[in-house]
Amino acid sequence: MKKDKLLELFNSLTLEEKIGQLVQLNPDFLNESDTVHTGPISSIGIKEEMIPYTGSILNSVNAKQIKTIQKEYIEKSRHKIPLLFMADIINGYKTVFPIPLALGCSYDFKLVKETAQISAKEAAVSGIHVTFSPMVDMVHDARWGRVMESYSEDVYLNNQYAEAMVTGYQGTNDPHNNIASCVKHFAGYGGAQSGRDYNTVELSKRTLLEEYLPAYHSAIKAGCKMVMTSFNTIDRIPVTANKWLLRNILRNEWNFKGVTISDHSAIKELINHGIARDEKEAAQKALEAGCDIDMMTACYANNLSRLVKEKKLDISYINDAAFRVLELKNDLGLFENPYRGADEDDEKKYILAPEFRSKAREAVEKSCVLLENNGILPLNSNKKIALIGPYGNSKELCGMWSFTVDKDNVITVKEGIEKYSNNVQYCTGSQILDDYQVVKELNSLFGQEFKNQELVDESLELKCAKEYAKDADVVIMALGEHSYQSGEAASRTDLSIPKPQMNLFKEIVKLKKPIVSLIFSGRPLILNEIKKYSDAVLQCWFPGIEGGNGIANILYGKVNPSARLSISFPYHVGQCPISYNFLNTGRPNTKENIGNRFVSKYIDAPNLPLYGFGYGLSYSQFEYSKVSLSSKKMSMDTVIEASVIVENKSEYEGVETVQMYINDVVSSVSRPVKELKGIKKITLKPYEKKKVDFIITNEMLKFYRCDMKYDSEAGKFIVYIGHDSLTNNEECFELIK
Ligand code: BGC
Ligand code: BGC
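Every value quoted in this text rests on a predicted model; they were computed, and no experiment measured them.

Q: Honestly, empty space enclosed by the protein in this entry has me stumped. Any pointers?
A: Rolling a probe over the atoms, with the probe sized like a water molecule, indicates the empty space that remains. For the structure shown, the criterion picks out two cavities of 30 Å³ or more. In this structure, the largest cavity occupies an estimated 40 Å³ of space. Only strand S21 (654-664) and strand S22 (675-684) provide two or more residues apiece to the lining of the largest cavity. Among the elements that take part in the lining of the largest cavity, S21 stands out by supplying three residues, more than any other. Grouping the amino acids of the lining of the largest cavity by side-chain chemistry returns four nonpolar, one polar and four charged. Considered as a void within the structure, the second largest cavity measures approximately 40 Å³ in volume.

Q: Can you help me understand the nonpolar core in this one?
A: Buried together is how nonpolar side chains tend to be arranged in soluble globular proteins. If you look at the biggest cluster of nonpolar residues, it comprises 219 residues, and the most contacted ones within it are Phe186 and Leu555. A total of nine residues in this core trace back to one element, the largest contributor, which is helix H7 (residues 109-125). In this structure, Val627, Met660, Leu684 and Met700 belong to the second largest nonpolar core, which totals 23 residues.

Q: Where do I start with the packing of helix H10 (residues 243-253) against helix H12 (residues 279-289) in this structure?
A: Packed helices, taken two at a time, are described by the angle between their axes plus the distance between the axes. As a packed pair, H10 and H12 sit with axes 8 Å apart at the nearest point and diverge in direction by 20°. Taken together, the axes of H10 and H12 are roughly parallel relative to one another. Residues Lys243, Leu246 and Arg247 of H10 form the contact with H12, whose own contacting residues are Leu287, Glu288 and Ala289. When the residues that make up the contact of H10 with H12 are grouped by side-chain class, the tally is three nonpolar, no polar and three charged.

Q: When you look at H12 in this model, what are you seeing that I'm missing?
A: In an α-helix, one full turn covers 3.6 residues, which means residues spaced three or four apart are oriented alike. Burial of H12 is extensive: eight of the eleven residues sit out of reach of the surface. The complete set of buried residues in H12 reads Lys280, Ala282, Ala283, Gln284, Ala286, Leu287, Glu288 and Ala289. With its phi angle positive at about 125°, Gly290 sits one or two positions after the end of H12.

Q: Just checking my understanding: could you explain the pattern of salt bridges for this structure?
A: Enumeration over the complete set of coordinates arrives at 48 salt bridges. Here Lys691 makes a salt bridge to Asp693, at a shortest N to O gap of 3.6 Å. As a salt-bridge pair, Asp711 and Lys737 come within 3.5 Å of each other at their nearest N and O atoms. Of this pair, Asp711 sits in strand S25 (residues 710-711) while Lys737 is found in the segment after strand S27 (730-735), placing the two residues 26 residues apart along the sequence. Taking the relative accessible area as the measure of exposure, Asp711 reaches 22% and is therefore partly exposed.

Q: What exactly am I supposed to notice about the sheet that holds strand S13 (residues 424-427) here?
A: Strand pairing in a sheet relies on backbone hydrogen bonds. The paired strands run either parallel or antiparallel. Ordered by their spatial adjacency, six strands build an open sheet running S11-S16-S15-S14-S12-S13, and the pairing between neighbours is mixed. Strands with a single pairing partner mark the edges of an open sheet, and in this sheet they are strand S11 (369-373) and S13. Neighbour-to-neighbour, the strand axes of this sheet turn through a mean angle of 15°, independent of strand direction. As paired elements, strand S14 (residues 474-480) and strand S15 (residues 515-520) share six bridges and run parallel to each other. Paired with Met477 across the two strands is Ser517, which belongs to S15. Relative to the sheet, helix H19 (residues 458-471) contacts strand S12 (385-388), S13 and S14, its axis offset from that of S13 by approximately 160°.

Q: Just checking my understanding: could you explain the packing of aromatic side chains for this structure?
A: What characterises a pair of aromatic rings is the spacing of the ring centres plus the angle enclosed by the ring planes. Summed over all chains, the structure comprises 21 aromatic pairs. Between Phe109 and Tyr156, the ring centres sit 6.5 Å apart and the planes meet at 75°, which makes this aromatic pair edge-to-face. Residue Phe109 is located in helix H7, and its partner Tyr156 is located in helix H8 (residues 155-170); the two are separated by 47 residues in the primary sequence. Aromatic ring contacts, followed pair by pair, group Tyr107, Tyr580, Phe613 and Tyr661 into a single cluster. The aromatic ring of Phe10 is capped on one face by Lys18, whose charged end is 4.7 Å from the ring centroid. Its guanidinium or amino end placed over the ring of Tyr350, Lys121 lies 3.8 Å from that ring's centre, counting from NZ or CZ.

Rules of the game
- Residues numbered from 1 in each chain as written.
- Chains lettered and ligands numbered in written order.
- Predicted model: local features only at pLDDT ≥ 70, side-chain atom pairs only at ≥ 80, totals over all residues.
- Heavy atoms only, no water.
- 1 Å grid on protein atoms, 1.4 Å probe; cavity = no way out; pocket = protein on both sides within 12 Å on 5 of 7 lines; lining within 4 Å.
- Points joined across faces, edges and corners; volume = space filled by probe spheres on them.
- Helix = DSSP H or I, 4+ residues; strand = E, 2+ residues; numbered from the N terminus.
- Nonpolar A, V, L, I, M, F, W, Y, C, P; charged D, E, K, R; others polar.
- Core = buried A, V, L, I, M, F, W, Y, C linked by side-chain atoms within 4.5 Å.
- Buried < 20%, exposed > 50% of the residue type's maximum accessible area, 1.4 Å probe, protein only.
- Axes fitted to C-alpha atoms, helices over the stretch in contact; angles between N-to-C directions.
- Parallel < 35°, antiparallel > 145°, perpendicular 65-115°, else oblique.
- Contact = heavy atoms within 4.5 Å.
- Salt bridge = Lys/Arg side-chain N within 4 Å of Asp/Glu carboxyl O.
- Pairing = 2+ DSSP bridges.
- Phe/Tyr/Trp six-rings, centres within 6.5 Å; stacked < 30°, edge-to-face > 60°.
- Lys NZ or Arg CZ within 6 Å of the ring centre and 35° of its normal.

What follows is the structure in structure tokens.
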């Protein structure tokens with residue numbers, strides 16, 4: 001529709017119809033609106049007469065349902081403005097990929113973009129218009145269950161992944177292939193104090209600008225059409241009512257023209273935050289601050305028109321926000337075709353297409369991180385295997401957000417391994433958990449029965465596990481946290497593998513058989529004992545529907561693992577939050593300071609994580625030459641080329657992710673000890689050598705100086721190039737201004 005037509009339509013709307021565009025409800029409301037008024041309507045207390053004006057729908061997820069709702073809605077509506085359908089398509093629709101944090105470990109932006117393209121295709125033909133993804137919150141705290149939805153603890157990686165996901169989803173805005181992307185949760189949600197979900201965030205402005213905001217900005221620069229506000233406060237003001245973030249930064253500085261939406265119920269929650277007396281005041285504060293759509297509360301629907309009539313709210317706030325929603329609908333082509341890509345035949349044709357599944361398998365192969373290997377891997381297929389543990393034959397491999405998956409399509413580890421070996425004995429060995437309260441709670445929230453099959457006879461299982469282990473050449477232990485132990489509202493203070501599984505592990509260790517541990521989790525777990533007693537450890541995350549195939553391909557050496565940690569694995573939960581890019585402090589815990597009590601350290605644990613950022617093994621052995629620089633001096637209009645020679649010293653062809661970090665030695669504010677500034681992936685044949693070079697630019701050296709200008713400062717810099725964030729392969733240069 002042309003803009004003047006759109007304006008004409010907009011001007012023909014009543015105030016209530018405009019407000020309706022700012023209301024998002026789930027499909028139950030529309031089903032219910034002509035029938036009994038219990039359930040959803042009474043649960044949020046929305047005025048019944050506002051329901052037919054609702055502008056968008058949350059989490060309706062198949063072509064038939066969406067087409068039916070859309071058709072009935074348009075037939076009944078006076079203005080005939082189609083509904084927008086938005087959903088959480090996080091790591092895939094039916095072709096479920098590894099969780100985002102796992103994809104973050106691929107360091108492969110092209111692959112990640114391809115996963116978003118496939119998700120978009122499947123979602124588009126199923127009638128979805130917008131996905132609430134990517135989530136690009138900076139994460140430093142493994143206690144926070146939502147680390148699984150983010151990509152990494154690093155600014156550079158988060159920027160790249162944000163761009164890859166947004167461009168992957170949105171493509172050329174083709175109705176049959178692309179959907180709109182809503183980046184979330186703007187902003188700083190990952191900084192929740194103590195790793196407790198929804199908790200207060202306290203960040204300096206400098207840290208917020210320098211570390212937390214860039215990834216959202218990258219998403220917007222990549223054309224992201226929507227932004228979701230976060231639950232937390234920034235500077236003690238909840239983001240959903242934070243003008244500085246939503247207007248000054250997002251609209252004025254970043255020039256964002258799209259639609260903003262609150263997180264679920266967040267506008268009403270302004271009352272609990274203690275910044276609004278009631279829903280009316282909450283509605284006013286949120287809209288004035290710049291939150292366009294109210295997700296799942298009655299605040300806007302019940303109060304905005306009253307606020308205008310009482311002359312407390314300028315109508316232009318409603319007009320601007322509602323017009324943006326219409327522009328988005330127009331941009332997505334809904335006025336020409338309200339069903340957009342929704343097509344049951346296309347659902348059959350494209351969903352789970354073989355090439356999508358093979359991309360999902362590739363994603364598993366590139367995101368499982370090999371943490372330990374004493375040479376036991378890759379396995380020889382004539383080895384007799386005991387596969388033990390609750391994840392050995394589990395289809396719960398998709399993580400908490402994959403509510404659209406059909407679990408029948410999931411390939412288990414057992415199924416994957418059996419493609420290589422007909423000598424596998426499997427048993428569960430133990431339950432996942434000793435206490436199923438977390439599972440029961442969510443089950444009842446979703447109206448599901450608790451599945452008793454999660455409970456097993458543990459003494460029988462243990463007996464069987466020991467027998468199989470004794471009889472085997474290699475024991476593969478498939479252990480981890482329950483998929484409901486990570487994701488939203490899944491903060492933990494104890495990051496160990498649940499007790500029944502650790503008991504099982506210790507019993508098997510006593511048999512002194514070679515052990516390969518496979519770890520399934522949505523966050524870094526504490527793996528000290530697993531590391532100590534395993535011959536190999538593979539961090540498998542929640543790998544998605546092709547999990548079993550991808551993992552088996554790594555175990556048997558069809559694929560050489562190449563993934564690297566994009567988040568630190570703490571040695572002890574007491575180290576959280578932890579990340580590689582910390583500040584030095586006045587009393588750093590350096591080698592020279594060993595034995596000195598009065599330095600910044602724990603007296604009962606190391607400062608360093610068990611496995612650091614960037615770490616990950618391969619079956620190949622890579623060796624680095626010293627860093628060489630094209631010049632030791634850099635001026636404002638020159639660049640420096642930094643290079644190393646990397647050599648594969650093994651029989652295995654492999655992929656190495658070469659990482660460049662920079663440290664600004666002296667500047668007007670304290671700077672991180674290292675910051676990732678670039679990566680290069682290279683494939684090396686056995687004993688092959690390659691030169692890898694990076695260009696260092698002035699842009700890479702910029703930061704928020706003490707005068708808050710974003711710029712570089714003259715002086716000495718150290719550049720590191722190596723295998724991971726612990727590398728001390730360094731060289732220095734000077735920036736002259
Ligand atoms: C989550 C969001 C999600 C939304 C809609 C909220 O509870 O925080 O990440 O997109 O629900 O389902
Ligand atoms: C302590 C101070 C103390 C000072 C002088 C420092 O190490 O941090 O609290 O007053 O020494 O003894």
